[in-house]
2 protein chains.
Amino acid sequence: MKPIQFTLKSEDGFARLGELHTRRGTIPTPMFMPVGTAATVKGLTPEDLQAMGAPIILGNAYHLYIRPGHKLIEEMGGLHQFMGWEGSILTDSGGFQVMSLSDLRKLSPKGVEFSSHLDGSRHFISPEVSMEIQRALGSDIVMAFDECVRHPATREEVAKSLVITTDWEKRSRAVELKPHQGLFGILQGGMFPDLRREHFDMLKEIDFEGWAIGGLSVGEPPAMMYEILDASVPLLPKEKVRYLMGVGTPEDLVEGVARGVDIFDCVMPTRNARNGTLFTWSGKMHIKNARFARDPKPLDERCGCYTCRKYSRAYLRHLYVSGEILSSRLNTIHNLHFYLDLMKHMREAIAARRFSEFRTAFYASYGKNPPANESEETL
Amino acid sequence: MKPIQFTLKSEDGFARLGELHTRRGTIPTPMFMPVGTAATVKGLTPEDLQAMGAPIILGNAYHLYIRPGHKLIEEMGGLHQFMGWEGSILTDSGGFQVMSLSDLRKLSPKGVEFSSHLDGSRHFISPEVSMEIQRALGSDIVMAFDECVRHPATREEVAKSLVITTDWEKRSRAVELKPHQGLFGILQGGMFPDLRREHFDMLKEIDFEGWAIGGLSVGEPPAMMYEILDASVPLLPKEKVRYLMGVGTPEDLVEGVARGVDIFDCVMPTRNARNGTLFTWSGKMHIKNARFARDPKPLDERCGCYTCRKYSRAYLRHLYVSGEILSSRLNTIHNLHFYLDLMKHMREAIAARRFSEFRTAFYASYGKNPPANESEETL
């Protein structure tokens, strides 16, 4: 039996309701995964994450390899034990961070030589090394090692990259993982619908436990991302879970689910929280705004998170303006709760076959136009 | 009936077991008060503090006056409501911060004109202003406004300051507080035992609800502080609670209790936590030390705090070295738990009339000599 199982429970249009099973438990989908880059979701304890109902978080192979080192974590009992997290963990392969964080990369078919963003020391990462790191970390879901092409990129650059990426993904699959670990493949192809199809054809014979769509949310406009999603998601096998990597805004989550995506991750709710930008059902708010100085209301009256149940906008503004550590924590609790709550509302809407109504109501409340209108505007 | 009551339950040598009663509850003494400068104990929620059994915290009139403003806090329902803390709060008067934080002070019998440490704006604080601030904050225990003389200071400087301080404390008492608020007087007198006695004689007719010993832990060696405590504590009325302000190390707490002090506050456990210095029953440890990198043990095997129950030294070192927010929180939980646990052990020892044995055992475990030996060494 496969270590990672996906059960598709029902559909509403392209939107899917499902369950992803790992050794650590069942993850209802659609689901958002909080990002825990360096063996911690910044500012939160595992209990904070449990309290908001997060069944799975994301860890970062590149960061953990650089510091404190995957072997150290393995010695300490693996990533779950090290950070005290009993839920599931998905680790990314490091491919994206090698591209975005490190200088002086030297890419060859063998792998990537790069300098650490911390101390400039030289390192080498390949599909085999990435699998070794993720195996040592002991995550439940392992991502194949791929090349994530920068945006914008020419058709030729993307096509050339697909050859390397395909080889790397095959080599990723060839490495034996721990029995509880499942491997996800990653569909690349840049902003070219036909290259997306070509890449899927190159990969489809590899027996991955799930499929990710990579190379999006790299600077392209939302309409372009949705167009590529429209072209990519239908390629993927229905019976496998679909993961849109590094995405995104609340609107992106709604649009991703509308197109058949099951799981997401993004630093946006956590990073924005630390910068004082908060997500609410009525849109984004910047807590440092002077108009909140004497506002006794909660951040979002529709939110049931710890922060909204207990604190006023006035207090949250004071903590933010004063640079207090508690500001990061309370804001992060709120933003992640909002993201997880959004996913829960989407699951309920799909179960009730009312996803389309939910989507309309979401945009009306959130104060934005749905992307169809956006496309018209940008024509 | 007085808003703040103290019950002396038993004594063991000079050490006292008691209970301090406020509208918010009963505080067993000896007790340590975590410092919540800016309407938050840095990094912790009220629930974190409750979980470690803290019945009272300290707030800072100066800081809260500067930001966000005491009137804003009063509008938001007072400091308890603003920060969501249901326990007791003691606020200091701002006298110490005006001395230590602000530039360009201009002291007159009327009060102190000073520049904000945040933006240089000019402000004026007097006994009347300090009482107005603390009344607006709504703390349970209000501190009289005094002048805290720098160390070292000459006998003449200290004697001159006592005249002003005495006038300021009388004027503090003359201001009507809220019915639930009690006012504590502050004994000054620098490092001169006879001036301590003189100051008490100047103040003793004022009917304070409790007495603080101020002007210590300002840079003098521990032996000198203990000598001044020896000369000061016996002056104070037995039936009132005794508060040693801004003190101190774990050894200072033990020595303070040994001399009849009931309550303490200090930034040491919280500030040191953020700097990676942790207190354990075996002494201090610096978590960034490389020897903890692969150490699976808890910080302190004798500690029952959340941090010690859940995390390894290896993980705590990783969080600290990586500059993670969670590092501050977990370290702060541990250090405050240690301080509160130390107080609890002292209360139990006093109740069992074994305080002297406890003190000997504490020093043996903590790896330090008791102050008698320190004095000999420094002769």
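Reference entry: report on the structure contained in this document. (Residues numbered from 1 in each chain as written. Chains lettered and ligands numbered in written order. Predicted model: local features only at pLDDT ≥ 70, side-chain atom pairs only at ≥ 80, totals over all residues. Heavy atoms only, no water.)

## Side note on the overall build of chain A
Applied cut-off: Only DSSP runs of H or I reaching four residues or more are called helices, and only runs of E reaching two or more are called strands; each is numbered from the N terminus. We compute the radius of gyration from the C-alpha atoms alone; for a globule the expected value is 2.2 Å times N to the 0.38, where N is the number of residues. Exposure is judged per residue with a 1.4 Å probe applied to protein chains only, and the accessible area is read against the type maximum: over 50% gives exposed, under 20% gives buried, and values in between give partly exposed. Here the Shrake-Rupley method, with its probe set to 1.4 Å, supplies the accessible areas, and only the displayed protein chains count as covering residues. When charges are counted, Lys and Arg contribute as positive and Asp and Glu as negative, whereas His and the chain ends are disregarded. For this purpose, a charge sits on NZ of Lys, CZ of Arg, CG of Asp or CD of Glu.
In terms of regular secondary structure, chain A is built from 16 helices and 16 strands. For chain A, whose C-alpha radius of gyration is 20 Å, the value lies close to the compact-globule estimate of 21 Å for 379 residues. Overall, chain A is about 60 × 45 × 40 Å in size when its C-alpha atoms are taken along their principal axes. For chain A, buried positions account for 61% of its 379 residues. Looking at chain A as shown, the accessible area adds up to about 14,600 Å², and 51% of this sits on carbon and sulfur atoms. Averaging the positions of the 46 positive and the 47 negative side-chain charges in chain A gives two centres separated by 4 Å.

## Looking at the pattern of salt bridges
As a reminder of what qualifies: Salt bridge criterion: a side-chain nitrogen from Lys or Arg within 4 Å of a carboxyl oxygen from Asp or Glu.
Tallied over the full model, the rule gives 52 salt bridges over all chains. Between B:R259 and B:E255 there is a salt bridge whose closest N-O contact spans 2.7 Å. With respect to class, B:R259 is no different from B:E255; both count as buried. Through salt bridges with shared partners, a single network forms among A:K2, A:R173, A:D207, A:E209 and A:K240.

## A short note on the relation of the copies chain B and chain A
The test is simple: The copies are overlaid by a least-squares fit using only the C-alpha atoms of residues whose pLDDT is at least 70 in both copies. Between two residues, a contact is recorded if the distance between any of their heavy atoms is within 4.5 Å.
It takes a turn of 180 degrees to lay chain B on chain A, together with a shift of 0.0 Å along the axis; the resulting RMSD is 0.0 Å. Viewed as a symmetry operation, the transformation between the two copies matches a two-fold axis. Measuring from the rotation axis to each C-alpha of chain B, the shortest distance belongs to B:I325, at 3.6 Å. Most of the interface of chain B is mirrored in chain A, where 100% of its interface residues again form contacts.

## Quick notes on the environment of A:S116
Residue and element names in this part refer to chain A. Which entries qualify depends on this criterion: Each polar contact in these results corresponds to two N or O atoms within 3.5 Å; when the atoms are within protein, one needs to be able to donate a hydrogen and the other to accept it, and residues that are neighboring in sequence are counted only if both atoms are side-chain atoms.
As for its placement among the helices and strands, S116 is situated in the loop between β8 (111–115) and β9 (122–125). Given a relative accessible area of 5%, S116 falls into the buried group. For S116 and C303, which are 187 residues apart along the polypeptide, the C-alpha to C-alpha distance reads 40 Å. For S116, the contacting residues outside a window of four places in its chain are Y62, I66, S121 and H123. Looking at S116, its side chain comes within polar contact range of the main-chain nitrogen of L118, at 2.9 Å.

## What to know about the sheet that holds strand β13 (residues 241–244) of chain A
Residues and elements named next belong to chain A. Condition: Note: two strands are recorded as paired if DSSP finds a minimum of 2 bridges between them. Every axis in this analysis is a line fitted to C-alpha atoms, fitted for helices over the stretch in contact. Angles between the N-to-C directions lie between 0 and 180 degrees.
Read across the sheet, eight strands follow the order β4-β14-β13-β12-β11-β10-β6-β5 without closing on themselves; strand pairing throughout is parallel. Among the strands making up the open sheet, the edge pair consists of β4 (31–33) and β5 (56–60). Direction aside, neighbouring strands of the sheet carry axes that sit 25 degrees apart on average. For β4 and strand β14 (residues 263–265), the ladder comprises three bridges, and the chain directions are parallel.

## Here's the deal with the sheet that holds strand β12 (residues 210–213) of chain B
Residues and elements named next belong to chain B. If you trace the eight strands from one edge of the open sheet to the other, you get β4-β14-β13-β12-β11-β10-β6-β5, paired in parallel fashion. Of all strands in the sheet, those bounded by a partner on one side alone are β4 (31–33) and β5 (56–60). With strand direction ignored, the average angle separating the axes of adjacent strands in the sheet is 25 degrees. Helix-sheet contacts for helix α14 (residues 325–351) involve β4 and β14 (263–265), and the interaxial angle to β4 is about 160 degrees.

## Some remarks on the nonpolar core
In plain terms, the rule: Here, the term nonpolar core denotes a set of buried Ala, Val, Leu, Ile, Met, Phe, Trp, Tyr and Cys residues that are joined through side-chain atoms within 4.5 Å.
Grouped together as the largest cluster of nonpolar side chains are 232 residues, with contacts concentrated most on A:Y243, A:F355, B:Y243 and B:F355. Those residues in contact with A:Y243, other than ones at most four positions away along the chain, are A:M33, A:L58, A:L90, A:M143, A:F184, A:W211, A:A212, A:I213, A:I263, A:F264 and A:D265.

## Quick look at the side chain of A:N335
Residues and elements named next belong to chain A. Structurally, N335 is set in helix α14 (residues 325–351). Given a relative accessible area of 0%, N335 falls into the buried group. Polar contacts involving the side chain of N335 include one to the main-chain carbonyl oxygen of T277, which spans 3.0 Å. Those residues in contact with N335 that sit more than four places away from it in its chain are P269, N272, A273, T277, L278 and F279.

## Quick look at the interface of chain B and chain A
Test applied: Buried area is calculated as the accessible area (1.4 Å probe) missing from two parts once they are joined, with the contributions of both summed. Note that Gly is not counted as nonpolar here; it falls among the polar residues with everything else outside the nonpolar set of Ala, Val, Leu, Ile, Met, Phe, Trp, Tyr, Cys and Pro and the charged set of Asp, Glu, Lys and Arg.
Taken together, the contact pairs 38 residues of chain B with 38 residues of chain A. Summing both sides of the interface, chain B and chain A together bury roughly 3,300 Å²; the carbon and sulfur share of this comes to 57%. The largest share of the area that chain B buries against chain A comes from B:R294, B:H318 and B:I325, three residues that together contribute 18% of it. Note that A:R294 is salt-bridged to B:E75, the shortest N-O span being 2.3 Å. Listing elements by their share of the side of chain B that touches chain A, those giving two or more residues are α1 (46–51), α3 (70–75), α4 (79–83), α12 (306–310), α13 (313–321) and α14 of chain B. Taken together, the residues of the side of chain B that touches chain A sort by class into 20 nonpolar, seven polar and 11 charged.

## A short note on the packing of helix α9 (residues 222–232) of chain B against helix α10 (residues 250–258) of chain B
Residues and elements named next belong to chain B. Spelled out, the test is: Orientation is classified from the angle alone, with under 35 degrees giving roughly parallel, over 145 giving roughly antiparallel, 65 to 115 giving roughly perpendicular, and any other angle giving oblique. Left-handed is the label given to a crossing in which the near helix is rotated counterclockwise from the far helix by less than a right angle, and right-handed is the label when the rotation is clockwise.
Relative to each other, α9 and α10 sit at 20 degrees, their axes nearing to 10 Å. What the angle tells us is that α9 and α10 run roughly parallel. Once α9 is placed against α10, the crossing between them reads as right-handed. Counted together, M225, Y226 and L229 of α9 and E251, D252, E255 and G256 of α10 form the full contact between these two elements. Classifying every residue of the contact of α9 with α10 by side-chain character gives three nonpolar, one polar and three charged.

## Here we look at the side chain of A:T40
With respect to the helices and strands, the residue A:T40 is situated in the loop between β4 and α1 (46–51). Contacts of A:T40, omitting those with residues within four sequence positions, involve A:V35, A:M83, B:Y315, B:L319, B:E324 and B:L326.

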